[in-house]
Amino acid sequence: MNYTNDVKEMCKVKIGASHGCAPIPSEGKWTYSREIKDINGLTHGVGWCAPQQGACKLTLNVKEGIIQEALIETLGCSGMTHSAAMASEAIVGKTLLEALNTDLVCDAINTAMRELFLQIVYGRTQSAFSEEGLPIGAGLEDLGKGLRSQVGTSYSTLEKGPRYLELTEGYILKMALDENNEIIGYQYLSVGRFMDFLKKGMKAEEALEKAKGQYGRFDEAAKYIDPRCE
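Residues numbered from 1 in each chain as written. Predicted model: local features only at pLDDT ≥ 70, side-chain atom pairs only at ≥ 80, totals over all residues. Heavy atoms only, no water.

J.: Give a description of the pattern of salt bridges that names residues and reports values.
T.: Scanning the entire structure with this criterion turns up 9 salt bridges. Taking the shortest distance from any N to any O, the salt bridge between Arg148 and Glu166 comes out at 3.1 Å. Pair noted here: Arg148 is in the loop between α4 (107-121) and β6 (153-157) and Glu166 is in strand β7 (residues 161-167), with a separation of 18 residues, a long-range link. For Glu166, a relative accessible area of 18% corresponds to the buried category. Three or more residues are tied together by salt bridges with common partners; here these are Lys57, Glu73 and Asp142. (Salt bridge = Lys/Arg side-chain N within 4 Å of Asp/Glu carboxyl O. Helix = DSSP H or I, 4+ residues; strand = E, 2+ residues; numbered from the N terminus. Buried < 20%, exposed > 50% of the residue type's maximum accessible area, 1.4 Å probe, protein only.)

This is the structure in structure tokens:
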């Protein structure tokens, strides 16, 4: 250890009381996190790239400092989807520190990892006060039936007004308008359910009808429009 001359010439003063680190909530317990294996929790982090072209939502389930489960959801950038595929292999099985210093290729995923790391080590996880935390597989449940990310896409111009393209329920097939051309509902296709029906051998036409749903006062519309064509 190298010291400057100023420090070398100082007289020694004893360091007083040291209370150690403050405990953090971790899976229903107050934990003194002195080592990486003391860290547990499931939580989410959101990251973005420098040009802010896309975003990533990263969900990790950490047990005794090791990442046991990772859910990587991306939006707005085709290249990011390939980076997410690589990150899904690179992250699991690593400690939090290893993952933080792993090249995850995409800035957005790296940023999500950084933000998520801060939440975990400061005890701000979703499972901070859940006894024993959440089981491996809890992250997958965020996707719901059909295992699809919850994505919403709307587009609007001052001249022509709003268009709902995709909402949480699914792909928007029709928008319902009243006499004043105001939106009062919509019809959607649950893509996850549709694909499940197809995989079970159902005919496409039948699967399409069975996977449809509607929201709002759809049946009371004065007219219906296709948001992609009209």
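J.: I'd like a description of the nonpolar core, backed by residues and values.
T.: With 25 residues, the main nonpolar core has Cys56, Leu58, Leu60, Ile72, Ile91, Leu96 and Ile109 as its most contacted residues. Those elements giving two or more residues to this core turn out to be β4 (55-63), β5 (66-75), α2 (78-91), α3 (96-100) and α4. Among the elements that make up this core, the one with the highest residue count is α4 (8 residues). Aside from chain neighbours lying at most four places away, what touches Cys56 is Gly45, Val46, Gly47, Ile72, Glu73, Thr74, Met80, Ala108, Ile109 and Ala112. Leu167, Met175, Leu177 and Tyr186 belong to the second-largest nonpolar core, a separate cluster that totals 7 residues. (Core = buried A, V, L, I, M, F, W, Y, C linked by side-chain atoms within 4.5 Å. Contact = heavy atoms within 4.5 Å.)

J.: Quick one: what's the story with the sheet that holds β5, residue by residue and with numbers?
T.: The strand order across the open sheet formed by 3 strands is β3-β4-β5, and the pairing between neighbours is antiparallel. The open sheet is flanked by β3 (41-48) and β5, the only strands paired with a single partner. Taking each pair of neighbouring strands and ignoring which way they run, the sheet shows an average axis angle of 15°. Relative to β4, β3 is paired through 8 bridges, and the arrangement is antiparallel. Looking at β4, one finds that Gly45 is bridged to Leu58. Running at roughly 175° to β5, α2 makes contact with β4 and β5 of the sheet. Running over the sheet, α4 touches β3, β4 and β5 and is turned about 140° from β3. (Pairing = 2+ DSSP bridges. Axes fitted to C-alpha atoms, helices over the stretch in contact; angles between N-to-C directions.)

J.: Account for helix α5 (residues 191-199), naming residues and giving values.
T.: For α5, the complete set of buried residues consists of Gly192, Phe194 and Phe197. Each element contacted by the buried residues of α5 is listed here: β9 (183-189) and α6 (204-210). Phi for Gly201, located one or two positions after α5, is positive at around 95°.

J.: Which residues make up a nonpolar patch on the surface, and what values go with them?
T.: A contiguous nonpolar patch, built from Met1, Tyr3, Val7 and Met10 and spanning about 530 Å² of accessible area, is present on the exposed surface. Summarising the element assignment, Met1 is placed in the segment before α1 (5-8). (Patch = residues over 30% accessible without salt bridge, like charges linked within 9 Å, V, L, I, M, F, W, Y side chains within 5 Å. Areas by Shrake-Rupley, 256 points an atom, 1.4 Å probe, with all protein chains shown as cover.)

J.: A description of the packing of aromatic side chains should follow, citing residues and the corresponding values.
T.: The description of an aromatic ring pair uses the distance of the two centres, along with the angle that the planes make with each other. This structure, assessed with the given rule, holds 5 aromatic pairs. Judged by centre distance (6.0 Å) and plane angle (85°), the rings of Tyr164 and Tyr186 are edge-to-face. Linking Tyr164 in strand β7 with Tyr186 in strand β9, this pair joins segments that are 22 residues apart in sequence. Accessibility expressed as a relative area gives 25% for Tyr164, which makes it partly exposed. Ring centres 4.7 Å apart and planes at 40° place the aromatic pair Phe218 and Tyr224 in the tilted group. Overall, the relative accessible area of 6% leaves Phe218 in the buried class. Overall, the relative accessible area of 34% leaves Tyr224 in the partly exposed class. Chaining the aromatic ring pairs together yields one cluster made of Tyr164, Tyr186, Tyr188 and Tyr215. Looking at Lys174, its charged tip hangs above the ring of Tyr224, at a distance of 6.0 Å from the centre. Here the guanidinium or amino end of Lys210 rests over the ring plane of Phe197, the centre of that ring lying 5.1 Å away. (Phe/Tyr/Trp six-rings, centres within 6.5 Å; stacked < 30°, edge-to-face > 60°. Lys NZ or Arg CZ within 6 Å of the ring centre and 35° of its normal.)

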